[in-house]
Amino acid sequence: ESMVRLDPAVSGKTGGGIFPFTWRFPFSDPLRMVFCFPNTMEQAIDQFILHLATERGLSDNYQLGTRRALESFAAWYEKHTMGKDPATVELRHLSEYLAHRKQRGLATGSLRLEIIALKIFFRHLASRGLLPADPAEKMDSPRLEQYLPETLNEVEVEKLIEAIDAAKPLGR
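Everything quoted here is computed from the prediction, not taken from an experiment.

**A short note on the overall build of the protein chain**
Looking only at helices and strands, the protein chain features seven helices and two strands. The order of helices and strands in the protein chain, counted from the N terminus, is β-α-β-α-α-α-α-α-α. Accessible surface, the protein chain as shown: approximately 11,700 Å² in total, 53% of it carbon and sulfur.

Here it is, written out as structure tokens:
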């Protein structure tokens, strides 16, 4: 079993947190873990979070939110399809999962964050040749609700007009 130690200068921590510095991987060469084909969703998520931490330098909070979103999908996917391999995920699985999350009352803004996590995760795997295609590529993000501005009623408009002093410049 090999150990991979992350340099504290890279992540800014001295250990612990969501991404501890000592990782155990069943590879004879620790560097292979970055290039290996992840055959479980768990391995793919771990590799992706490692990428976010070391190569992109993203914050612990971002990593944690992304990990939660991906692990939630992975648990749902395994329960509903008995699958663990990220290469077997299809667009319909992602759509069913997101519909499930929406039915359970997830707010549009939170759903949007989960979609972003899924999209960047599968884009990452596909760009590295670990998936034949990106199943999330054609997924649309939900639009945030936009509300019309409040309007004045007739009485409020009359009060506004009456407040104008025609004798003074600019009505003030």
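**Some thoughts on helix α6 (residues 108–127)**
Across its 20 residues, α6 extends 28 Å between first and last C-alpha, which sits within 8% of the 28 Å expected from 1.5 Å per residue. Buried residues in α6 make contact with α3 (41–54), α4 (60–81) and α5 (91–103). Note on α6: the residue one or two positions beyond its end, G129, has a positive phi of about 75 degrees.

**So, the packing of aromatic side chains**
Taken as a whole, this structure holds seven aromatic pairs when the rule is applied. Ring centres of F73 and Y97 lie 5.2 Å apart, and the angle between their planes is 80 degrees; this geometry places the pair in the edge-to-face category. Of this pair, F73 sits in helix α4 while Y97 sits in helix α5, and the two are 24 residues apart along the sequence. As far as the burial class goes, F73 and Y97 line up, both buried. With centroids separated by 6.2 Å and ring planes inclined at 85 degrees, the aromatic side chains of F73 and F122 adopt a geometry described as edge-to-face. A residue pair is termed long-range when its members are at least 10 positions apart, and F73 in helix α4 and F122 in helix α6 qualify at 49 residues. Comparing F73 with F122 shows no difference in burial state: the two are buried. Three or more aromatic residues joined by ring pairs form one cluster here, namely F48, F73, W76, Y77, Y97, F121 and F122.

**Let's talk about the side chain of D134**
By the element assignment, D134 lies in the loop between α6 and α7 (154–162). Within the structure, D134 has its side chain in polar contact with the backbone nitrogen of A136 (distance 2.8 Å). In this structure D134 touches K119, F122, R123 and A126, once residues within four positions along its chain are discounted.

**Examining the nonpolar core**
Counting 28 residues, the largest nonpolar core has M41, F73, L94, L118, F121 and F122 as its most contacted members. Of all the secondary-structure elements, those providing two or more residues to this core are α3, α4, α5 and α6. Aside from chain neighbours lying at most four places away, what touches M41 is F73, A74, Y77, K84, P86, V89 and F121.

**Section: the packing of α4 against α5**
Two numbers describe how α4 lies on α5: the axes approach to 10 Å, and their chain directions differ by 110 degrees. In terms of orientation, α4 and α5 fall into the roughly perpendicular class. From α4, A69, S72, F73, W76, Y77 and T81 reach across to α5, where they touch H93, L94, E96, Y97, H100 and R101. Class assignment of the residues belonging to the contact of α4 with α5 gives a composition of six nonpolar, four polar and two charged.

**Concerning unusual backbone geometry**
If you check the backbone angles, M82 has positive phi at about 65 degrees while not being a glycine. With respect to the helices and strands, the residue M82 is situated in the loop between α4 and α5. Residue class for M82 comes out exposed when judged on its relative accessible area of 71%.

**So, the packing of α4 against α6**
The packing of two helices is summarised by the inter-axis angle and the distance between the axes. For the pair α4 and α6, interaxial distance at closest approach is 9 Å and the crossing angle is 85 degrees. When the interaxial angle is binned, α4 and α6 end up roughly perpendicular. Of the residues in α6, those touching α4 at Y62, T66, A69, L70 and F73 are E114, A117, L118, I120, F121 and F122. In terms of residue class, the contact of α4 with α6 is made up of nine nonpolar, one polar and one charged.

Rules used in this analysis
- Residues numbered from 1 in each chain as written.
- Predicted model: local features only at pLDDT ≥ 70, side-chain atom pairs only at ≥ 80, totals over all residues.
- Heavy atoms only, no water.
- Helix = DSSP H or I, 4+ residues; strand = E, 2+ residues; numbered from the N terminus.
- Areas by Shrake-Rupley, 256 points an atom, 1.4 Å probe, with all protein chains shown as cover.
- Expected span 1.5 Å × (residues − 1).
- Contact = heavy atoms within 4.5 Å.
- Phe/Tyr/Trp six-rings, centres within 6.5 Å; stacked < 30°, edge-to-face > 60°.
- Buried < 20%, exposed > 50% of the residue type's maximum accessible area, 1.4 Å probe, protein only.
- Polar contact = N/O pair within 3.5 Å; in protein donor to acceptor, adjacent residues only side chain to side chain.
- Core = buried A, V, L, I, M, F, W, Y, C linked by side-chain atoms within 4.5 Å.
- Axes fitted to C-alpha atoms, helices over the stretch in contact; angles between N-to-C directions.
- Parallel < 35°, antiparallel > 145°, perpendicular 65-115°, else oblique.
- Nonpolar A, V, L, I, M, F, W, Y, C, P; charged D, E, K, R; others polar.

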